[in-house]
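The primary structure of each chain is shown beneath.
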Amino acid sequence: MRKGRMFYKIFIPILVLGVGLVISFGSYIYFTTNRSVVDRVAVGKQSLITQVKNTLEQKIETIEYAFNTYSTTSSFSDVIKNPITVSDFQAYRNVNTQLNYIASLGVDGVAYSLISLEQNWQIANGRLSHLTEEERDLLHDHYIDDQKRSLFWIKTEDGIRMVNTLPVFSQRKQAIALSDISLKALQRILQTEDNIPVILLNRQGELLYESASAQGLLTAGQLQDITGAAGGSGEPGILSLDDPGSKNVKAIYAKSSYNNWTYVTLLDQTEIADALKTTRFGLIMMIVLITLLIVVVAYGIAQHFTKRIQKIQRKLSADGQPAPKDEIDWIITSIDHILSEKQSLEGLLESELPQLETQFILNLFRGRIPAEELEHNMTRFGYSLAAHACYATMLIQLDNYGDRQASDKDLLLVAVNKLAEELIPASRRMIPVLLNDRTQATILIFDGDVEQDNRKQVLEDAKRIIKTVRELLNLSVSVGISSFYTDLSGSKEACEMSKEALHHRLHLGKESILFYEDISQVISGPVLLHYPSELESQLFDAIRLGDEEQVSRSLYPLLGEMMKHGKNPLNFEVTLIRFVNNLIQLEQLIGVEVLLTQDNYALYHRLLDIRNPEEIERILVKEVIQPMVASMKEKTTRQFRGLADQIANIVRTEYDQELSLEMIGERLHYSPNYLSSIFKKEFGMTFSEYVMGYRLEMAKKWLVESDMTIKEIGERLQYHNPQNFIRSFRKKEHVTPGAYRAMKQER
């Protein structure tokens, strides 16, 4: 079953908290155990390095003690001062015996030497040798003059050399005892069962010895760090070193108080890891088992707490509705929705009041409000029905669109409607509405029944609206006003009155204010038909010829005459329908398609619905007549050009024959005058000029390329008198034909 968000909000925190505690507890145990193991291993290492230190120091101290004791005996003094030679066997034997004795007390594998600075001899490894003065001075410089102590150690290539200057307590040194401890001897002394790394440093931190397992583990800098950490204390310690390989290396050291040597070993991480292997496995198993237990517990707790929430959710959910992810938020939202439903409905009704009020006004204009509902709706929308109140319907229509397109008509009407709402106080009107896509309507309310005062007030409102629209929107509008009425049920008839009033703005022009009462007598007058047939004939002739200038000179007087004699709207409608019918017949006769296209199929309705003279003129000129003129102009242009090209082609092929427009007209079935006007319009010259020019061009060619005489050329080009040919040639080329031929032949 799919779980909701509340389930996971309980389950996941418990799980995360439990697992976090288990991991934290396990980590604490692991790191505590790790520290304990490290401390235990470190203590063992400290004991081991201390034991190594004590063992080596014991051996070295024995050697030092033996030499120091020997240097205090009288036999030592006698031997040192005796110049031993090969023949002095007894003295040599005594010294060699003493060195063997010291060797038996010290370390195996150590080479002992005794040097007499008094007599310049040396016994080393049982062999006697004599020193030169230079060798003696060199030993004196290295071991006595530059040293402040009588006992010191030097690292050699083979191990460590212990130097004793004797006698030990005397400022005047007579002999030098050398004990060379080899690396093998040190290895035997410092070797442990576990073969742990051992490093030996002198008091300056210099490396004296490192076991095979310790070679290359520490850098010189790390050795200096260990020496600094050991200081002057003889207590063992542990130092963590920064390893270049990002490993935490621990060095365990012990410093000798005898000779200030530092004994170092390293903590074996493998040993620690082996010791922790069992502990690590046990901790992992414990964490896994406890984590599984926590998962079960967290699941049970989350299921327990969300069970009742799911029950509420099932009650509130509709059938088939998917379960929400967050039950609590969904439940809270549902409760908020239930609590705010009444408030939301009230707000919705409040926000819809303007739309409802607009629909109420539209229904008044359509006569769809019963008398019994009228009072209720008036009270509902905040209007009071005063006993002496009267009303008038004011309609506004656009005279033109200014610099806008006709497609902006709806937007412009909305702007006009808004201005009417702002300019007329709410106490003197009902809400303004858009009656249709051409008309804005407002029902005006008047408290008094004095018609003259009410008429004055309406006139002021209309003037203010017209002026504001002109200034703000750069438009012109006209206003039609109905008769005053006392019953709102008569709003439909009042609307029709205002429409009739607006029909008569054809005679008054734009920005007209028309009261129905003022034009009611004109409406009831007789229908007198007057049609300007002569002006129409002139216009149609200009259209046939595609003459734009003549169309402009004929069209506007025709429209003016139609509107002048159309005082009765019916007169104008009949005249307008007749004119459009005649235009359609003309279109069919001349073979163009303008009025019969899909965009103009509703031309009758458009023109009859518009009572704005400027808009009627714009539609007829821009959408009907100008496209017809352009089509005819293009058609006649193509026709004229074709005829002119035919005439020119006849001239180019029959130039050496008799040619005239009468002959060509008979051939092409056109009058000579018609062909003459077309040819001159297309070629910019008369027919005879074109023929003469072409013949003279051929004469120039024959004068240069042929041997014909001038008389023969003239006769072939239909000049029966050679002098006429010569005069025509000289008139155009400014030279005679003979001079022209001579000039061309010289070149």
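Residues numbered from 1 in each chain as written. Predicted model: local features only at pLDDT ≥ 70, side-chain atom pairs only at ≥ 80, totals over all residues. Heavy atoms only, no water.

1. Let's talk about the sheet that holds strand β13 (residues 433-434)
Strand order in the open sheet formed by five strands is β13-β14-β12-β15-β16, and the pairing between neighbours is mixed. Two strands lie at the open edges of the sheet, namely β13 and β16 (513-515), each paired on one side alone. Pairing analysis gives eight bridges linking strand β12 (residues 390-398) to strand β14 (residues 439-446), with the strands arranged antiparallel. From the neighbouring strand, Thr393 faces β14, where its bridge partner is Ile443. (Pairing = 2+ DSSP bridges. Helix = DSSP H or I, 4+ residues; strand = E, 2+ residues; numbered from the N terminus.)

2. Observations concerning the nonpolar core
With 51 residues, the main nonpolar core has Leu56, Phe67, Val95, Leu114, Trp121, Leu200 and Trp261 as its most contacted residues. At twelve residues, helix α1 (residues 5-71) tops the list of elements feeding residues into this core. Ala389, Tyr485, Ala494 and Ala501 belong to the second largest nonpolar core, which has 28 residues in total. (Core = buried A, V, L, I, M, F, W, Y, C linked by side-chain atoms within 4.5 Å. Buried < 20%, exposed > 50% of the residue type's maximum accessible area, 1.4 Å probe, protein only.)

3. Some points on unusual backbone geometry
In this structure, the amide linkage connecting Leu166 to the following residue, Pro167, adopts the cis form with an omega of -10°. Residue placement: Pro167 occurs in the loop between β5 (159-166) and β6 (175-182). We note that Asn120 has phi near 60°; this positive angle belongs to a residue other than glycine. On the secondary structure map, Asn120 appears in the loop between β1 (110-116) and β2 (121-124).

4. Side note on the side chain of Gln440
For Gln440, the position within the fold is in strand β14. Of the polar contacts made by the side chain of Gln440, one reaches the side chain of Asn417; its length is 3.1 Å. What Gln440 contacts, discounting residues up to four positions off in sequence, is Met394, Leu395, Ile396, Leu413, Asn417, Ala420, Pro432, Val433, Leu434 and Leu435. (Polar contact = N/O pair within 3.5 Å; in protein donor to acceptor, adjacent residues only side chain to side chain. Contact = heavy atoms within 4.5 Å.)

5. Section: the pattern of salt bridges
Inspection of every chain in the model, using the stated rule, returns eleven salt bridges. Glu118 is the partner of Arg172 in a salt bridge, and the nearest nitrogen-oxygen pair spans 2.7 Å. A residue pair is termed long-range when its members are at least 10 positions apart, and Arg172 in the loop between β5 and β6 and Glu118 in the loop between β1 and β2 qualify at 54 residues. Residue classification places Glu118 among the partly exposed positions, given a relative accessible area of 29%. Here Arg136 ties to Asp137 by a salt bridge, and the two come within 3.7 Å at their closest N and O atoms. Judged by its relative accessible area of 22%, Arg136 is partly exposed. (Salt bridge = Lys/Arg side-chain N within 4 Å of Asp/Glu carboxyl O.)

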